[in-house]
Amino acid sequence: MKLQHSVLTLALATALTSPVWADEAAAKRWIDSEFQPSTLSKAQQKTEMKWFIDAAKKLQAKGVTEISVVSETLTTHEYESRTLAKAFQEITGIKVNHDLIQEGDVVEKLQTSMQSGKSIYDGWVTDSDLIGTHYRYGNVLNLTDYMTGKGKPWTNPGLDVKDFIGTSFTTGPDGKMYQLPTQQFANLYWFRADWFARKDFKDQFRAKYGYELGVPQNWSAYEDIAAFFSNDVKSIDGKQIYGHMDYGKKDPSLGWRFTDAWLSMAGAADIGIPNGKPIDEWGIRVAADGCTPVGASMSRGGATNSPAAVFALTKYVDWMKKYAPKEALGMTFGESGPVPAQGHIAQQIFWYTGFTADMVKPGLPVVNADGTPKWRMAPGPNGPYWKPGMQNGYQDVGSWTFFKNHDSDKTAAAWLYAQFVTAKTTSLKKTIVGLTPIRESDIQSKAMTDMAPKLGGLVEFYRSPARVAWTPTGTNVPDYPRLAQLWWQNVSVAVSGEKTPQQAMDNLAVEMDQVMARLERAGMTHCAPKLNPKGDPNKYLSDKAAPWKKLANEKPKGETIAYEKLLNAWKAGKVR
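These lines cover the structure that appears in this document, whether it is placed above or below. As the structure is a prediction and not an experimental result, all values here were calculated from the model.

Summing up its helical and strand segments, the chain has 23 helices and 13 strands in all. Computed over its C-alpha atoms, the radius of gyration of the chain comes to 25 Å, within 12% of the 25 Å expected for a compact globule of 576 residues. Overall, the C-alpha framework of the chain stretches about 95 × 60 × 40 Å when taken along its three principal axes. Per-residue burial over the chain gives 60% buried out of 576 residues. Restricting to contacts in the chain with at least 6 residues of sequence separation, those with at least 24 account for 76%. For the chain, the distance from the average position of its 67 positive side-chain charges to the average position of its 60 negative side-chain charges is 2 Å.

Quick look at the structure:
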């Protein structure tokens with residue numbers, strides 16, 4: 001009896017401490033109830049899930065039963081944390097603690113881990129904006145080599161890296177992939193298509209400006225349209241309206257407005273996709289090796305305080321003060337985001353497609369009774385310094401990132417989870433929930449075709465090969481966290497009027513050079529900055545490359561295009 005009792009006790013203890021039993025029945029349950037639609041058949045989904053089950057069993061045999069990962073708080077990541085993490089546990093038996101925190105907190109914890117050499121989490125979702133940082137410090141796992149080497153047993157044969165649309169942004173200067181995209185969204189132009197279609201407004205605009213009211217192709221037209229709705233139309237149905245929306249509070253999010261390619265939209269960088277070379281959209285120049293930063297200020301050959309950059313900051317401040325609601329000056333990124341959905345904004349030059357899900361909810365003033373939007377998204381207009389072949393705007397690519405020297409079994413389990421939430425079995429449903437597509441196969445699916453009429457141009461944009469002209473921060477930036485924080489502090493004094501735009505950009509350029517000088521002295525694993533000596537800023541100004549000479553006329557005639565023509569251009573694979 002004692003033996004029988006001890007056996008029963010051991011069995012009970014084992015049952016209480018063992019992970020949830022992983023089995024194919026659980027996989028079938030999730031496939032039938034949650035993972036639909038998918039670009040895979042149910043039989044293919046079961047095969048893919050069987051691979052995850054078998055791989056997880058090998059890790060459990062090594063003692064891995066639980067992992068911790070982190071991402072910023074977005075609709076897509078909420079779905080991963082609340083739904084897909086649970087599914088992963090029930091199917092594989094490995095528990096996932098998927099923390100959701102603010103983006104700034106993710107970066108802070110990442111910096112702490114990099115400095116200490118010990119990763120707080122087993123896996124991270126960090127913006128691909130950090131690609132230059134990850135590559136240079138050498139702390140992050142090179143996934144290209146991992147997938148064919150140590151991580152091969154844990155790499156899904158059906159991962160299909162070529163199906164991901166954002167891997168060019170997560171690739172280092174060495175041609176190796178350091179991050180796996182899990183969500184992405186672009187900053188595009190947003191406008192009230194119903195207002196733009198009104199004959200009375202079209203006639204009034206044409207009479208005043210001499211061209212058609214339509215999607216602005218350049219900043220001149222955007223400015224004209226902003227003035228028209230704010231000063232001429234003024235109100236619709238008794239409600240005051242505005243021709244522009246932005247935000248200007250002294251807050252870290254103010255920096256995103258600029259580091260997210262505001263200068264490149266004006267045309268401050270060199271020609272080149274994904275980012276200008278040798279000068280990128282932050283104004284940082286790299287040496288002939290395409291990797292070594294040599295300066296941000298014009299005195300060192302950079303363009304952060306160049307005429308195009310100063311023009312960009314000047315317009316940002318002017319437009320917000322003249323054409324946006326007065327409360328915009330005191331708003332952060334998060335506070336300003338929902339404002340266009342309230343129904344009193346005519347257009348926004350810089351709008352993230354990540355807001356799409358919140359902009360199509362039934363009952364909103366910007367949604368028709370049949371569920372179709374009253375608004376549309378389009379390519380952002382370009383400033384007078386912009387030239388064909390330049391980056392057209394920004395694209396956020398949140399990507400799975402792993403520390404190189406972390407516990408190898410925990411890393412393998414986190415890599416399994418990263419592949420699970422991006423797998424073809426789960427990715428289409430995740431795209432439908434969060435509207436942040438990562439796979440070509442999902443974008444081209446019938447499900448997305450069916451949704452397209454209610455998404456205001458999102459599907460058409462992502463189906464176009466032109467989407468590659470919208471890119472994240474590139475590899476010229478050697479330390480994203482340290483350099484990014486300088487932007488909001490300098491932009492804010494231009495918003496307040498404490499400094500002129502020229503003074504603000506001059507100071508920003510100097511501070512960026514100072515940070516890069518410290519990085520040069522400290523050294524980095526790869527491509528540490530090596531600053532050019534200071535010289536006459538004017539010797540670098542050119543009409544053939546950045547930094548571009550000041551234009552005699554920074555406001556050429558406005559140009560617009562009909563939205564239908566834009567859609568056809570996207571379908572033809574053109575940027576505009």
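Read on for the rest.
What follows covers unusual backbone geometry. For the bond running from Q36 to P37, omega is 0 degrees, close enough to zero to count as cis. You can see P37 is positioned in the loop between α2 (24-33) and α3 (42-61). Each neighbour pair has its own omega, and for A546 with P547 the value is -5 degrees, a cis peptide bond. Relative to the helices and strands, P547 resides in the loop between α22 (501-522) and β13 (560-561). We note that C527 has phi near 50 degrees; this positive angle belongs to a residue other than glycine. Examined against the element boundaries, C527 turns out to sit in the loop between α22 and β13.

What the largest pocket holds in volume is close to 1200 Å³. Those elements giving two or more residues to the lining of the largest pocket turn out to be α4 (75-92), α5 (103-116), α11 (252-259), α14 (333-336), α15 (356-359) and α21 (480-496). Residues that form the lining of the largest pocket fall into these classes: 17 nonpolar, 15 polar and 11 charged. F196, K202, A562, Y563 and E564 are, among the 15 residues lining the second largest pocket, the residues nearest its centre.

Okay, the pairing of strand β4 (residues 180-192) next. Counted residue by residue, β4 has 13 buried out of 13 residues, so it is predominantly covered. In this structure, β4 lies alongside strand β12 (residues 395-401), joined through six bridges in antiparallel fashion. Each residue of the ladder has a partner; that of L180, found in β12, is W400. Pairing geometry for β4 and strand β10 (residues 347-352), over four bridges, is antiparallel. Paired with W190 across the two strands is Q348, which belongs to β10. Strand direction decides the pairing type here: β4 and strand β11 (residues 375-378), joined by four bridges, are antiparallel. What sits directly across from Y189, in β11, is A378.

Cut-off values and rules
Residues numbered from 1 in each chain as written. Predicted model: local features only at pLDDT ≥ 70, side-chain atom pairs only at ≥ 80, totals over all residues. Heavy atoms only, no water. Helix = DSSP H or I, 4+ residues; strand = E, 2+ residues; numbered from the N terminus. Rg over C-alpha atoms; globule rule 2.2 N^0.38 Å. Buried < 20%, exposed > 50% of the residue type's maximum accessible area, 1.4 Å probe, protein only. Contact = heavy atoms within 4.5 Å. Lys, Arg positive; Asp, Glu negative; His and termini not counted. Charge placed at Lys NZ, Arg CZ, Asp CG, Glu CD. 1 Å grid on protein atoms, 1.4 Å probe; cavity = no way out; pocket = protein on both sides within 12 Å on 5 of 7 lines; lining within 4 Å. Points joined across faces, edges and corners; volume = space filled by probe spheres on them. Nonpolar A, V, L, I, M, F, W, Y, C, P; charged D, E, K, R; others polar. Pairing = 2+ DSSP bridges.

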